[in-house]
Amino acid sequence: MKYNPGSLFKRLLPVYAGFLAAVFVIYSKKGLHLINGNPVRTIAGILIMLIMLGLVMYLTISAVKREQINSLPAIETTAPKLTETQKLDGFVTFFRSAVTHNLGPFETKKKDFFEMCAGMKQKNENIRRLLAESFSPDDLTYRTYINTLDEVMRIFNSNLNGIKKRLEVFDYAEWNRDNNDEHATAYISEINNLYEKNYVVIDNMDDLMHELVQLDDISEVPLDKINRLVEQTQNYKKIKEEEWL
């Protein structure tokens with residue numbers, strides 16, 4: 001294991017200097033002069049020397065180990081990147097759990113949130129299965145549909161994440177005291193808006209799946225509709241980002 005000798009020397013210099021100073025004070029004739037022929041003082045001097053040597057060795061070994069640890073290369077730890085399908089699985093789990101909780105103003109919709117996630121999960125699996133059965137993975141049409149599907153799932157999951165975050169920070173106690181609370185009203189409106197946006201996505205997915213079922217008369221219309229939805233969403237997000245700059 002490599003380490004910096006210069007840094008180690010600087011760290012241990014006070015230890016060694018203190019050791020030499022202690023030796024001088026305890027054993028020199030100008031100091032305590034423990035080893036002077038007196039058996040008791042000589043034994044005490046030897047024991048003190050052994051203790052000091054042990055302490056110096058302990059401090060030296062500790063400093064070396066610390067320097068070795070500091071010289072280790074930094075290890076980059078990155079969380080595994082989840083696919084949009086895996087992210088949706090996480091949202092299904094979250095909203096399934098939310099059904100068992102009291103969500104205040106969202107009490108009547110909490111089951112709808114879960115069913116929306118579970119429904120989209122099933123549609124995503126069905127469309128991918130249809131694509132795998134209908135096209136070769138190297139087919140340009142297959143890649144076009146898959147890329148568009150991934151982008152649609154990204155939009156859907158982004159909206160779900162917006163709903164999830166708002167449900168987690170919503171002040172249910174304050175809403176119980178005041179149903180007209182300004183922040184609560186804003187959250188309710190935003191969650192309803194995200195919920196409606198995701199049903200637009202689901203409608204487009206239904207059109208796409210229906211088109212894939214009719215492979216004898218496939219049309220570009222559903223795919224075009226979904227691509228326009230993706231573009232509109234991306235442009236909207238870009239505008240919102242510019243507004244915050």
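Values in this document were obtained by computation on a predicted structure and should not be read as measured data. (Residues numbered from 1 in each chain as written. Predicted model: local features only at pLDDT ≥ 70, side-chain atom pairs only at ≥ 80, totals over all residues. Heavy atoms only, no water.)

Draft legend 1. Expanded view of the confidence of the model for the chain. In the predicted model, the chain carries a mean pLDDT of 77, and 69% of its residues have values of at least 70. The secondary-structure element of the chain with the lowest mean pLDDT is helix H8 (residues 221-244), recorded at 51, while helix H3 (residues 84-98) shows the highest, at 93. (pLDDT = per-residue confidence, 0-100. Helix = DSSP H or I, 4+ residues; strand = E, 2+ residues; numbered from the N terminus.)

Draft legend 2. Examining the side chain of Asn-159 more closely. If you trace the backbone, Asn-159 turns up in helix H5 (residues 140-169). Not counting residues up to four positions away in its chain, the partners in contact with Asn-159 are Leu-194, Lys-197 and Asn-198. (Contact = heavy atoms within 4.5 Å.)

Draft legend 3. Inspection of the packing of H5 against helix H7 (residues 182-213) at higher detail. Interhelical geometry of H5 versus H7 gives an angle of 155° and a closest axis separation of 10 Å. Compared by their axis directions, H5 and H7 come out roughly antiparallel. Considering only the axes of H5 and H7, their crossing is left-handed. For the pair H5 and H7, contact is made by Tyr-145, Leu-149, Val-152, Ile-155, Phe-156, Asn-159, Leu-160, Gly-162, Ile-163, Arg-166, Leu-167 and Val-169 and by Tyr-187, Glu-190, Ile-191, Leu-194, Tyr-195, Lys-197, Asn-198, Val-201, Ile-202, Met-205, Leu-208 and Leu-212, respectively. Considering only residue class, the contact of H5 with H7 consists of 18 nonpolar, 3 polar and 3 charged. (Axes fitted to C-alpha atoms, helices over the stretch in contact; angles between N-to-C directions. Parallel < 35°, antiparallel > 145°, perpendicular 65-115°, else oblique. Left-handed = near helix turned anticlockwise from the far one by under 90°. Nonpolar A, V, L, I, M, F, W, Y, C, P; charged D, E, K, R; others polar.)

Draft legend 4. Spatial organisation of the nonpolar core. If you look at the biggest cluster of nonpolar residues, it comprises 39 residues, and the most contacted ones within it are Phe-95, Met-120 and Ile-163. Examining the composition of this core, we find that 11 residues originate from one element, H5, more than from any other. Among all residues touching Ile-163, those that are not within four sequence positions of it are Phe-95, Phe-113, Met-116, Ile-191, Leu-194 and Tyr-195. (Core = buried A, V, L, I, M, F, W, Y, C linked by side-chain atoms within 4.5 Å. Buried < 20%, exposed > 50% of the residue type's maximum accessible area, 1.4 Å probe, protein only.)

Draft legend 5. Local environment of the packing of helix H4 (residues 110-134) against H5. Here H4 crosses H5 at 170°, and the two axes come no closer than 11 Å. Looking at the two axes, H4 sits roughly antiparallel to H5. In this structure, H4 uses Phe-113, Met-116, Cys-117, Met-120, Asn-124, Ile-127, Arg-128, Leu-131 and Ala-132 to contact H5, whose residues at the interface are Tyr-142, Tyr-145, Ile-146, Leu-149, Asp-150, Val-152, Met-153, Phe-156, Leu-160, Ile-163 and Leu-167. The class makeup of the residues in the contact of H4 with H5 is 17 nonpolar, 1 polar and 2 charged.

Draft legend 6. Focus on H7. Its 32 residues place the ends of H7 47 Å apart at the C-alpha level, agreeing with the 46 Å of an ideal helix rising 1.5 Å per residue. Looking at where H7 begins, the residue whose side-chain oxygen comes 3.3 Å from the main-chain nitrogen of His-183 is Asp-181. (Expected span 1.5 Å × (residues − 1). Polar contact = N/O pair within 3.5 Å; in protein donor to acceptor, adjacent residues only side chain to side chain.)

Draft legend 7. Spotlight on the pattern of salt bridges. Counting across every chain of the model gives 12 salt bridges. Across the salt bridge formed by Lys-87 and Glu-84, the nearest N and O atoms sit 3.3 Å from each other. On the criterion of helical spacing, the pair formed by Lys-87 and Glu-84 is a turn pair, its members being 3 residues apart in helix H3. Two residues, Glu-133 and Arg-129, come together in a salt bridge whose shortest N-O distance is 3.5 Å. Taken together, the residues Glu-133 and Arg-129, both in helix H4 and 4 residues apart, mark about one turn of the helix. With a relative accessible area of 57%, Glu-133 lands in the exposed category. Take Arg-129: its relative accessible area is 42%, and that puts it in the partly exposed class. Residues joined by salt bridges that share partners form a network here, namely Glu-84, Lys-87, Glu-151 and Arg-154. (Salt bridge = Lys/Arg side-chain N within 4 Å of Asp/Glu carboxyl O.)

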